[in-house]
Amino acid sequence: MLPKWYEIPLGGALTEPGSTRKNRTGEWRTFRPVIDQDKCIRCRICWAYCPEGAVKEIDREHMTAKGVKYPITYEIDYYYCKGCGICAEECPVKAITLVREYEK
Amino acid sequence: MSQPVIKPFKSIKELPREEKFAPGHAMCAGCGAAIAMRWLNKVVDDNTIFVLATGCVEVTTTACPYTAWLRPCIHVAFENAAAVASGIEGAVKMLQRKGMLNKDVRIVAVAGDGGTVDIGLQALSGMLERGHRVMYVLYDNEAYMNTGIQRSGATPFRAWTTTTPVGKVLKGKLQWKKDIDGIVLAHRPKYMATTTIAYVVDMVNKFRKAYEYSREGPTFVHVLCPCVPGWRIDPHMTVKVSRLAVETGMWVNYEVEGGVFRVTTRVPKRKPVSEYLRLQGRFRHLTDEDIQIIQKYVDEQVERINKMVGETVIGPVVKEEKAEAKA
């Protein structure tokens with residue numbers, strides 16, 4: 001719900017920093033990137049190139065099927081991810097795949 | 001001149017994790033400028049005032065009543081980002097002298113290529129000449145993308161835009177890209193750098209250096225940010241295209257620190273420019289002759305830079321055909 005015109009401070013000043021967090025830009029998405037946690041080598045590239053900051057770096061341990069233990073996990077915030085596919089394109093081990101959001 | 005004491009990041013593993021730029025802004029999916037702004041915000045302190053000239057970043061991040069910025073920012077017109085930044089710097093200096101402000105407040109101006117190369121040039125020149133302590137970030141998407149892809153001074157040769165259409169008479173822009181870096185360097189700023197979004201560590205280090213040097217005088221960072229709708233590329237190609245710009249020699253990553261010119265990304269084997277041009281829809285009308293004209297121009301530019309450095313930092317063009325012939 002947008003504020004009324006008389007609720008906005010004079011001069012169009014925006015008083016709440018970072019308020020675009022309310023916008024659900026994930027609705028723009030056509031393709032959903034999905035990370036294969038077992039293939040991922042934690043190189044940080046998807047996280048560095050994400051234009052939205054939607055790839056989250058979380059301190060959560062993950063043990064792959066081959067027995068390699070990683071202290072961090074990468075997760076995609078689907079609330080904001082616009083589905084541009086940069087992460088899938090730049091991933092050096094192709095651990096991220098793009099899945100169609102809605103079936104035809 | 002005192003050197004700022006900062007340790008540059010050596011690898012991607014050392015970059016800070018905390019997000020300082022709110023998601024949910026309206027920049028296009030795969031926008032190059034969004035990557036640049038995200039990293040710029042991670043680098044600067046909380047006591048920073050942003051001055052946003054009209055442009056893609058300003059329009060999409062501060063759609064009233066929302067803002068993606070966590071630091072104070074002021075929206076100004078196309079032409080006066082540098083002038084307003086100078087004024088804020090003067091006001092901060094005066095408040096500090098009167099003892100009303102005891103914080104170290106820094107000013108960062110963010111403007112696109114239209115607001116810097118064309119409309120805001122005289123304000124920028126004035127700011128650099130007067131030596132205001134402002135960091136100026138130019139995100140260069142090579143046209144007026146925010147108003148619908150009109151040609152700007154930074155648009156490259158033969159690129160399609162809505163005001164340089166491709167038809168029987170005209171085939172894209174007739175002029176070459178304006179050398180804004182040369183214009184800025186002629187003012188002898190404290191620090192000046194060019195970078196692209198594909199080299200994140202390089203870009204972050206340059207932002208940090210420019211931010212530190214802005215305690216002493218004006219600094220300027222020029223970032224090449226591919227634009228998805230304007231360059232006619234797929235959203236996932238943004239980083240790839242900007243990397244190819246460096247690998248083909250269309251763009252050179254360098255910095256000028258204390259008058260010393262240094263190329264930061266060395267390219268031992270250059271790729272032919274056609275690899276960069278053929279990926280983009282705005283160059284799809286180019287004939288082989290056009291590409292040869294651009295290749296010749298790039299060769300001359302590379303030679304000029306190699307002469308300036310005194311060694312071969314950017315190597316000759318190595319075509320893929322040679323590898324096939326050997327095999």
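Nothing here was measured: the structure is a model prediction, and the numbers come from that model.

What chain A contains, in helices and strands, is two helices and six strands. Shown N-terminal to C-terminal, the secondary structure of chain A runs as helices and strands in the order β-α-β-β-β-β-α-β. Principal-axis analysis of the C-alpha atoms gives chain A an extent of 60 × 35 × 20 Å. Nonlocal contacts in chain A, meaning residues at least 24 apart in sequence, comprise 65% of its contacts between residues at least 6 apart. Where the 17 positive side-chain charges of chain A centre and where its 15 negative ones centre are 2 Å apart.

This next bit is on the pairing of strand S4 (residues 134–140) of chain B. All names here are of chain B. Of all seven residues that make up S4, seven are buried, and the element is covered over most of its length. In S4, alternate side chains face the same way, and those of Val-134, Tyr-136, Leu-138 and Asp-140 on one face and Met-135, Val-137 and Tyr-139 on the other are all buried. Relative to S4, strand S3 (residues 106–112) runs parallel, the two sharing six bridges. Bridge pairing links Val-108 to Met-135 in S4. Relative to strand S6 (residues 219–224), S4 is paired through six bridges, and the arrangement is parallel. Its bridge partner lying in S6, Asp-140 is registered against Leu-224.

In this section: the sheet that holds strand S2 (residues 73–75) of chain B. All names here are of chain B. Spatially, the eight strands line up as an open sheet ordered S2-S1-S3-S4-S6-S5-S7-S8, and their pairing is mixed. A single partner strand is all that each edge strand has here, and the edge strands are S2 and strand S8 (260–263). Strand after strand, the sheet turns through a mean of 15° between neighbouring axes, direction not considered. In the sheet, strand S7 (residues 254–257) pairs with S8 via four bridges, with the strands oriented antiparallel. From the neighbouring strand, Glu-257 faces S8, where its bridge partner is Val-260. Its contacts with the sheet place helix H1 (residues 32–43) against strand S1 (48–52), S3, S4 and S6, and it is angled at close to 160° to S4.

We now examine unusual backbone geometry. All names here are of chain B. A cis geometry characterises the amide bond from Cys-64 onward to Pro-65, with omega recorded as 5°. With respect to the secondary-structure elements, Pro-65 resides in the loop between helix H2 (56–61) and S2. A positive phi angle is found at Ile-149, which is not glycine, with a value near 55°. Residue class for Ile-149 comes out buried when judged on its relative accessible area of 10%.

Moving on, we get to the packing of H1(B) against helix H7 (residues 200–213) of chain B. Residues and elements named next belong to chain B. At their nearest, the axes of H1 and H7 sit 9 Å apart, and the two run at 45° to each other. Our classification of the angle between H1 and H7 gives oblique. By crossing handedness, the relation of H1 to H7 is classed as right-handed. Residues Ile-35, Ala-36, Trp-39, Leu-40 and Val-43 of H1 touch H7, and the partners they reach there are Val-200, Met-203, Val-204, Phe-207 and Arg-208.

Moving on, we get to the packing of aromatic side chains. For the coordinates displayed, the defined rule picks out 11 aromatic pairs over all chains. Between A:Tyr79 and A:Tyr80, the ring centres sit 5.0 Å apart and the planes meet at 85°, which makes this aromatic pair edge-to-face. On the accessibility criterion, A:Tyr80 (9% relative accessible area) is buried. Each ring, one from B:Tyr254 and one from B:Phe261, has its centre 4.8 Å from the other, and the planes form 35°; the classification is tilted. On the basis of relative accessibility, which here comes to 9%, the residue B:Tyr254 falls in the buried class. The exposure class of B:Phe261 is buried, given its relative accessible area of 18%. An aromatic cluster is defined as three or more aromatic residues linked by ring pairs; in this entry it consists of B:Phe21, B:Phe50 and B:Trp69. In this arrangement the basic side chain of A:Arg44 is found over the ring face of A:Trp47, its NZ or CZ atom lying 4.2 Å from the centre. For the cation-ring pair, B:Lys42 lies above B:Trp39, with the distance from its terminal atom to the ring centre recorded as 4.5 Å.

To continue, consider the confidence of the model for chain A. Averaged over every residue, the pLDDT of chain A is 89; residues scoring 70 or more account for 99%. Of all the helices and strands in chain A, strand S3 (residues 62–63) of chain A carries the lowest mean pLDDT, 88, while helix H1 (residues 45–49) of chain A carries the highest, 94.

Conventions we followed
Residues numbered from 1 in each chain as written. Chains lettered and ligands numbered in written order. Predicted model: local features only at pLDDT ≥ 70, side-chain atom pairs only at ≥ 80, totals over all residues. Heavy atoms only, no water. Helix = DSSP H or I, 4+ residues; strand = E, 2+ residues; numbered from the N terminus. Contact = heavy atoms within 4.5 Å. Lys, Arg positive; Asp, Glu negative; His and termini not counted. Charge placed at Lys NZ, Arg CZ, Asp CG, Glu CD. Buried < 20%, exposed > 50% of the residue type's maximum accessible area, 1.4 Å probe, protein only. Pairing = 2+ DSSP bridges. Axes fitted to C-alpha atoms, helices over the stretch in contact; angles between N-to-C directions. Parallel < 35°, antiparallel > 145°, perpendicular 65-115°, else oblique. Left-handed = near helix turned anticlockwise from the far one by under 90°. Phe/Tyr/Trp six-rings, centres within 6.5 Å; stacked < 30°, edge-to-face > 60°. Lys NZ or Arg CZ within 6 Å of the ring centre and 35° of its normal. pLDDT = per-residue confidence, 0-100.

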